[in-house]
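# Observations on the three-dimensional arrangement
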Amino acid sequence: MSHKRIPKRKAAIAVGGVVALGAAALLLPHANASQDGASGDAAAAPKTLKATDASDLASQLAGLLGDAFAGSYYDGDKQQLVVNVVPGDNNNVIVQAKKAGATVREVDNSMTELAAGKRTLKTEATIPGTSWAVDPRTNKILVTADSTVTGEKWDRLESTVQGLGSGMATIKKSEGTFRTFASGGDAIFSGGARCSLGFNVTADDGAPAFLTAGHCAVAADQWSDAQNGQPIATVDQAVFPGEGDFALVRYDDPATEAPSDVDVGGQTVQITEAAEATVGQEVFRMGSTTGLADGQVLGLDATVNYPEGTVTGLIQTDVCAEPGDSGGSMFTQDGLAIGLTSGGSGDCTVGGETFFQPVTTALAAVGATLGEAGAEDAGAGEAGGEDAGTGDQAGEVGGEEVGQDDGTGYGAGQGAEEGAGDGGLTETH
């Protein structure tokens, strides 16, 4: 039999209706907007770029500038790439970056120095409830401590940060607690656990499968699309904790239809390919508890010290999430798959930090590609594939989600899918 998307997602939208409406207002009306490049009469002026194009340019400049490259970020208001450089005695690097179309900013901390600072934090301050990532907008390491980091733990963290030297790192205190979020997209279940499906993919042997959070998959092997329902998929590979938080789950029926799209409530956003995140980029998250939410990327290659262990290589954002959202999809308005919801602190009332597993890394690790097996016209491409279709598309809702309560305290609230209507986005009070 083929797996069909389940209407229970609409209840999840209702639970997070206020957030969903706000994000949808940003996502859907501009789904066909374009961002043209700068005119040719100002060759040295910063180019107007889409966030994904800015990411590509940043990668090129990183190789071109070498040790002078000190990170980059996307200025969404101006639609420009800002590149940090440590020029030293060679001003040619600034000229090169400007000619390439970037806004250039001279900074003090090199990537080598920032990387050394992160290694020191790992050695001396790996404390549950802490995280760190380089913030290119400040050219410093942003260290975050949740509400459990107090007393001697806080003193140890503060002392370590101070030991890095002036101007190298800052500490931010979070009111919440870092926990994994069990949920995302359309809900999936395993016993008492619930998570969210991130993105449908094709496994390396051509079989249909999906990506979700690794902490969901290590808690249970078989997953259903209905609470207490028959299993429809089995975990193939899972990583958590360690170098990521991701899993490949294969559909048990090889004839399962697994299109590449995300259900945002009465609409679907077609997913064309996977892409790297860029600091400053606007992103959207879909989850089975809170529905649609939006925000910005704050940091890359983040290290998060969960109670279950340390996870590295994550994307730090200010997008909210709640129990049941783990594994859910993070994507852009023009259909690029960016991340899988891992965890964080706070909720969609007061806000907080949320961390995501990069999709590109997960695809490479499990050997999967986005899209249905054999569906050449589905517009899906391999991670980073140059031939994958692009464009801003919003169609019929069809994204998938996986949910789980894995004992971390962030399982989805019961009854979140009860009493759902058949309509689109619904505001709740």
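Residues numbered from 1 in each chain as written. Predicted model: local features only at pLDDT ≥ 70, side-chain atom pairs only at ≥ 80, totals over all residues. Heavy atoms only, no water.

## A word on the overall build of the protein
Just so we agree on the cut-off: Helical segments are the DSSP runs of H or I of at least four residues, strand segments are the runs of E of at least two, and each set is numbered from the N terminus. When accessible area is computed with a 1.4 Å probe and restricted to protein chains, residues below 20% of their type maximum are described as buried, those above 50% as exposed, and intermediate ones as partly exposed. For every accessible area listed, the method is Shrake-Rupley and the probe measures 1.4 Å; residues are considered covered only by the protein chains on display.
Helix and strand content of the protein: eight helices and 24 strands. Taking all 429 residues of the protein together, 55% fall into the buried category. Counting only carbon and sulfur atoms, one obtains 46% of the accessible surface of the protein, whose full area is about 16,900 Å².

## Quick word on helix α3 (residues 51-65)
Formally: To estimate how far a helix should reach, multiply one less than its number of residues by 1.5 Å. In what follows, residue pairs with any heavy atoms lying within 4.5 Å of each other are defined as contacts.
Look at α3: 20 Å from first C-alpha to last across 15 residues, which is about the 21 Å you get at 1.5 Å a residue. Listed in full, the buried residues belonging to α3 are Ala 51, Thr 52, Ala 54, Ser 55, Leu 57, Ala 58, Leu 61 and Leu 65. Among the structural elements, β1 (69-75), β2 (80-85), α4 (92-99) and β22 (336-344) are those in contact with the buried residues of α3. Looking at the residues trailing α3, positive phi occurs at Gly 66, about 60°.

## Points about the nonpolar core
Heads up, the rule is: In these notes, a set of buried Ala, Val, Leu, Ile, Met, Phe, Trp, Tyr and Cys residues joined through side-chain atoms within 4.5 Å is what counts as a nonpolar core.
Counting residues in each nonpolar core, the largest one holds 24 residues, and the members touching the most others are Phe 199, Leu 211 and Phe 331. Broken down by secondary-structure element, the contributors of at least two residues to this core are β10 (199-202), β11 (208-212), β14 (246-251), β18 (282-287), β22 and α8 (359-366). The leading source of residues in this core is α8, at four residues. In this structure, Leu 61, Tyr 74, Val 83 and Val 104 belong to the second largest nonpolar core, which totals 18 residues.

## Quick word on the pattern of salt bridges
Our working definition: The term salt bridge refers to a pairing of a side-chain nitrogen on Lys or Arg with a carboxyl oxygen on Asp or Glu at a separation within 4 Å.
Taken as a whole and judged by the stated rule, the model has eight salt bridges. A salt bridge links Arg 250 to Asp 236; its shortest N-O distance comes to 3.1 Å. Here Asp 236 lies in strand β13 (residues 233-239) and Arg 250 lies in strand β14, a separation of 14 residues in the sequence. Among the ionic pairs, Asp 325 bridges to Arg 285, the shortest N-O distance being 3.6 Å. Placement of the pair is Asp 325 in the loop between β20 (309-317) and β21 (329-331) and Arg 285 in strand β18, with a sequence separation of 40 residues. No difference in accessibility class separates Asp 325 from Arg 285, as the two residues are buried.

## A few points about the packing of aromatic side chains
Inclusion rule: Note on ring pairs: Phe, Tyr and Trp rings are taken, using the six-membered ring of Trp, and paired if centres are within 6.5 Å. Classes follow the plane angle, with under 30 degrees stacked, over 60 edge-to-face and the rest tilted.
Counted by the stated rule, this structure contains four aromatic pairs. Judged by centre distance (5.4 Å) and plane angle (65°), the ring pair of Phe 210 and Tyr 251 falls under edge-to-face. You can see Phe 210 sitting in strand β11 and its partner Tyr 251 sitting in strand β14, a full 41 residues away along the chain. Each member of the pair, Phe 210 as well as Tyr 251, is classed as buried. Ring geometry for Phe 240 against Tyr 306: centres 6.2 Å apart, planes inclined by 45°, an arrangement best described as tilted. Taken together, the positions of Phe 240 in the loop between β13 and β14 and Tyr 306 in strand β19 (residues 291-306) put the pair 66 residues apart, joining distant regions of the chain. The buried category is assigned to Phe 240, whose relative accessible area is 13%. The class of Tyr 306 is buried, set by a relative accessible area of 2%.

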